Amino acid sequence: MTQARPVPPPQPAWHAIPVAGVRDATGSGQVGLTRQAAAERLATDGPNALPEPRGRGPLRRFLAQFDNMLIHVLLAAAAITALLQEWPDMAVILGVVLINALIGFIQEGKAEQAMDAIRKMLAPNAAVIRDGVRRTVPAADLVRGDIVLLEAGDRVPADLRISTSHGLRVAEAILTGESVPVAKAPDPVAEGAALGDRTSMAFSGTLVSAGQGQGIVVATGPSSEIGRISRLIAGVEQNTTPLLRQMDSFGRRLTLAILAVGVLLVLHGLVVAGSDFADVFMAVVGLSVAAIPEGLPAVLTITLAIGVRAMARRSAIVRKLPAIETMGAVSAICTDKTGTLTRNEMVVTSIATPDRVVGVAGAGYGPDGTVDPGLPPAVMARIARVALFCNDAALGEEDGQWIVHGDPMEGALKALGHRIAGLSAPAHQRLSVLPFSAETRCMATLDTCEGADPSLHVKGAPEVLFELCRLEYDGNDRTVPLRRDKWQARADELAAGGSRVLALAIRPDDRTPRPLVLDDLGDGLVLLALVGLVDPPRPEAILAVEECRSAGIAVKMITGDHALTAAAIGRSVGLERPDRVLTGAMIDGLDNAALQRAVRETTVFARTTPEHKLRLVEALQATGSIVAMTGDGVNDTPALKRADVGIAMGRKGSDAAREAAELVLTDDNFASIVAAVREGRTVYDNLVKVIAWTLPTNVGEAMTIIVALLLGMTLPVTPVQILWINLVTATTLGVALAFEPTEPGTMKRPPRAPDAPLLSVLLLWRVAFVSAIFLGAVFGMFAYALEQGHDIAVARTLAVNMLVVLEIFNLFAVRRIHGSSFTWRAVLGTPVIWLAIAVLVIAQSAITWLPPMHRLFDTAAVPFTEGMLVIAIGAASLVVMELEKAARLWLARRYRASRRQELPGPAGSAG
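Residues numbered from 1 in each chain as written. Predicted model: local features only at pLDDT ≥ 70, side-chain atom pairs only at ≥ 80, totals over all residues. Heavy atoms only, no water.

This model, assessed by the stated rule, comprises 3 aromatic pairs. A centroid spacing of 5.6 Å and a plane angle of 40° characterise the contact between Trp765 and Phe769, whose relative ring orientation is tilted. Here Phe769 and Trp765 lie together in helix H27 (residues 761–787), a separation of 4 residues that amounts to about one turn. A relative accessible area of 21% places Phe769 in the partly exposed class. The ring of Tyr684 is capped by Arg752, whose NZ or CZ atom sits 3.4 Å from the centre of that ring. (Phe/Tyr/Trp six-rings, centres within 6.5 Å; stacked < 30°, edge-to-face > 60°. Helix = DSSP H or I, 4+ residues; strand = E, 2+ residues; numbered from the N terminus. Buried < 20%, exposed > 50% of the residue type's maximum accessible area, 1.4 Å probe, protein only. Lys NZ or Arg CZ within 6 Å of the ring centre and 35° of its normal.)

According to the stated counting rule, one finds 32 salt bridges in the structure shown. In this structure, the salt-bridge partner of Glu463 is Arg441, at a minimum N-O distance of 2.7 Å. With Glu463 in helix H16 (residues 462–468) and Arg441 in the loop between strand S15 (428–434) and strand S16 (442–449), this pair connects stretches of sequence that are 22 residues apart. For Arg441, a relative accessible area of 36% puts it in the partly exposed group. Two residues, Glu546 and Arg549, come together in a salt bridge whose shortest N-O distance is 3.9 Å. You can see Glu546 and its partner Arg549 sitting in helix H18 (residues 539–550), 3 residues apart, about one turn around the helix. We classify Glu546 as partly exposed; its relative accessible area is 46%. Owing to a relative accessible area of 34%, Arg549 belongs among the partly exposed residues under this scheme. Look at the salt bridges and you will find they share partners, linking Glu546, Arg549, Glu576, Arg577, Arg580 and Glu601 into a network. (Salt bridge = Lys/Arg side-chain N within 4 Å of Asp/Glu carboxyl O.)

Glancing now at the pairing of strand S26 (residues 645–649). The element S26 is largely enclosed, with a buried count of 5 among its 5 residues. Taking every second residue as pointing to the same face, both faces of S26 are buried, with Val645, Ile647 and Met649 on one and Gly646 and Ala648 on the other. With 4 bridges connecting them, strand S25 (residues 627–631) and S26 associate as parallel partners. Note on S26: the bridge partner recorded for Thr630 is Ile647. (Pairing = 2+ DSSP bridges.)

All right, on to the sheet that holds strand S22 (residues 554–558) then. One open sheet holds the 8 strands; their spatial order is S8-S27-S26-S25-S9-S22-S24-S23, and the pairing between them is mixed. Each of the sheet's edge strands pairs with one partner strand only, and the pair in question is strand S8 (316–318) and strand S23 (581–583). Going from strand to strand, the sheet's axes swing by 20° on average, the running direction of each strand aside. Two strands pair when backbone bridges link them, and S23 and strand S24 (residues 604–606) are joined in this way by 3 bridges, in the parallel orientation. From the neighbouring strand, Val581 faces S24, where its bridge partner is Val604. Packed on one face of the sheet, helix H25 (residues 671–711) meets strand S9 (332–335), S25, S26 and strand S27 (663–665) and runs near 140° to S27. (Axes fitted to C-alpha atoms, helices over the stretch in contact; angles between N-to-C directions. Contact = heavy atoms within 4.5 Å.)

Let us now look at the state of the cysteines. Applying the stated rule across the entire model yields 0 disulfides. Unpaired in this structure, Cys390 has its nearest cysteine sulfur neighbour in Cys442, at a distance of 8.4 Å. (Disulfide = S-S within 2.5 Å.)

Turning to unusual backbone geometry, a few remarks are in order. Negative phi is the rule for most residues except glycine; trans is the rule for most peptide bonds. Backbone geometry places Asp131, a non-glycine residue, at a positive phi of 55°. Looking at where Asp131 falls in the secondary structure, it is placed in the loop between strand S1 (125–130) and strand S2 (133–138). Judged by relative accessible area, which is 36%, Asp131 ranks as partly exposed. For Asp858, which is not glycine, the phi dihedral falls at a positive 55°.

See below:
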C-alpha cells in the first residue's frame, strides 16, 4: 500500500511581505544563516528535494496486467484448447495474453516518471551567503532563510523572495506559460496577485535570463511551487480510455453469455435429450471455442500499433497504445497558448505614432520583412538605431533558422532594426549604458555611430517615457511639444489589441559621454514611436482550429497570460467567442456546477494556475467531453495527466510534461493534433470493422452448434475446424482490416459520444443479421452436400469453406461502414487486402486438398461444382449485406434530419 505523501503547512504570502519582514520571519538577517543554523534547519525541514513516491514492485505491476475480464476469457480459451490437446493453438493464445501483459507493464508508472523529470529540473548547486561569506552548496542543502545569489543563466534552486535586483529577469514559461521573461524587484505585490504577477518572487526550476540579484529562500522541496505541482500530479487519478472500458464491458458480457448458454445446453442435453454427459460437455467446449474470438485482442493490438506507426509519420509519438483510439473520441482540446497556438517568439507587428500606425511584416527573428510606408525616412532611421543600439540581445542563424540569444523582446527589436536598415547596419560604439531594471522600467545607451556625435537611445514602458519626454517629431522632422493624451490613447489601443507595447526615444547630439543615471534622461528627450510586439500565432494552427470546428471539436485556450493578450490570440487563431475571457480569479469564485456551465460557453481562459487547468479539465469531463490537453510546461503536468489524452510538446516542452503525456508532438505543431484526431477516428473505425467482421463468424459458428444440439443433428463443423477457421482468418483477413485507410468524410462527422458502446444497437443488429446469413448458408450447404450423397467429411469441408468464403465477402462489406462498398475504389481494395486473401486461399486449399491436412482436420477434397456453388452463395451474401447497409444508412440519415428539426439550436448559434 502506497504511503500518503505529507502535505507541507500552508505558506505565508511571501510576495506581499516587505523584505525586512521576510528577513525577520526566516532569520536570514543581512549576512545570511550561519552554517550551524543551516545544518539544524536542514535536519528539521529536510532536504530541498521532492520526495520519491512508493510505487508497486515489478512483479505486482506485471501480475496486475492479467486483472481484466477479456484476459480471463482468453485464458479460459487456452484451457479449452489444452483440453482439446491443441497445443499449438494454446501456445498462440497464451502468446497473445503475454504480449498484451508486457505492453501494459512497460507503459505502467508514468506518474513516477513525471516526478523524476520534475526532480531533474532542480538546480544541482547554488551560490549562497552563509556566515557573511559567499559559498557554493548543493541545492539539496538549501534551507529557509538562506540568501541565494542569482546571475544570468542560473536555474533558480528554491522559491526565493527577491531582496535585491539589478536588471534581474526570470523566464517562467514552465510555470506560468508567459513567453517573455519577467522583471523582478524587491517591492512587495498584492497578496492576491496571480502567480505570473508575483514579481517579488523567483520560483524553483525557473531560469534567470538577464541581470543579477539576491533572494531569500522561503520554500524548499515539497513546500515550493514546483513541489505543490508534484503533489497535484501524485493526487490526480488518471482516467481509463473509452476503448479499455468498452473492451472490459465486452469481455464481461461475453463471458456471462458463454457461461449461461453453456449451462442451458448441458441441462437440455441431459434432461431433455437424454444425451451422454461427455458428448454434451465436448459440444459445449466446441461452443466455447466458436464463441470466443481468440484472435480479436491480437488484431485490436495490431490495429492500434498500426495507428501508432502512422502517427509517428505525422510527427506524433504515442506513448500508450489506447491513446491513439481515444484521440478519435476527443470532443474538446484544451491547449496552451505559448509555443502551441503561437510560435513562442516575439515579433514587432506595428509601429505607431499619434497620427498613424504602420504595419511590420516578417516572421521570427530573421531580417526578411517589410515595413509599411507612412513615417518619414529620418524617423524610421532613428527607430532602427534605437532598436539596434539600445539592445543587449544577439541574433544568429543556426540550421537555417534565426534564433535569439538573450531577451526575446530585445531580439524582436533587433530584427525590426534589420528590417528597416538591413543587415549592413552602421557600426556603433557604446559609450555608456543604464541597464533595464524593474525600478526604472527602461534602458538607455549612449552611442556613437561611425564617428558622429554621440546620441542617447532609450526604450521602455510607455508610461515611463511619457514622463521623461517633452518633445516629439512632426511630419517635417521638426521637434514639437509632446501630445501626451494622444500617445496614451494610441498605447491603450495597441494594448487592447493584445500587443505588448514599448516606447522608443532619442536625444541627438549628446556631447557628454559619462556613466548614465536616470536623471540624465529627461532633458531634451524626443519620443519617436511606440512599437507593438506579439507572440504571433502559428499559421498552421489557424487552419487546425478551423478543421477541429468542422469535426465538431471544441478548442479551449488555457494560458497564464493576461486576458487582453489571450483574447487577441483567440481572435487571431479563430476561436469562438474569444472576447468572453474567464480569468483565474473568476474561476476561483465559481463552484464546480457553475464552472461546468461556464466551460460550455467559454473558449479563452487567462491568468490560470495549475489548479485552474486541472479544474477546467475536470469540469469539461463532467459535462461529458473527452478531453485532450496540450502543454509544454511543468504547470501543465497535472492537467496532462488528468486529461483523457495528454499531448506534450517535444521540442520546447519540459521533460515533466512529456513523461505525463500519452502523446508527444515532435514538431510542436498544433496541426499535428488534427492529424492525430483523424488517425484516431480511422483506428476506431477499423476496430469497429474488425469487430463487425469477427463477431458474425463467431456467433454464426456458435449458433450452428446450438441449433445442431437442439435439433439432435450432427455438427456441421467440428471444434478443431472452428479453431482453424478462427485462427487462420484472424491472422489474414482480420489483420488486413487494421490497414484500412481513412474513409471519406471522416473529419466531417461529429465526435462519437463518450458513453457510446463499442457494440452499438446498429452493430448488434448487423451481427445478428449477418450471423443469420452465415447460419443459413452453412446449414444449407451442409444439408445439400448430404443430400447429394457426399460423406460427412466432404459435407463438413464444404461447410468450412462456406464459412471462409462468407468471411471474405463480409470483409468487403465492412470495409466501408459509413458508405457503400459498391464503388470502384472499395471493390479494388488495397494491396494488403488482396495479399491476405491470397494467403487465406492458399491455406484453405491446403486443408481442402492435401491428404496430411485431411487426417489432421477430418476434411476431404470437394467436387468442383460444389466449390463454385460456395463462391456463388458468398457473392450473393455480399449483395444482401449491402442492401441491408443501404437501408440502415438511409434510415439513420432520416432520423438525424428529423432530430435536427425537432431540437432548436442554442441561443446565438449560427444554426
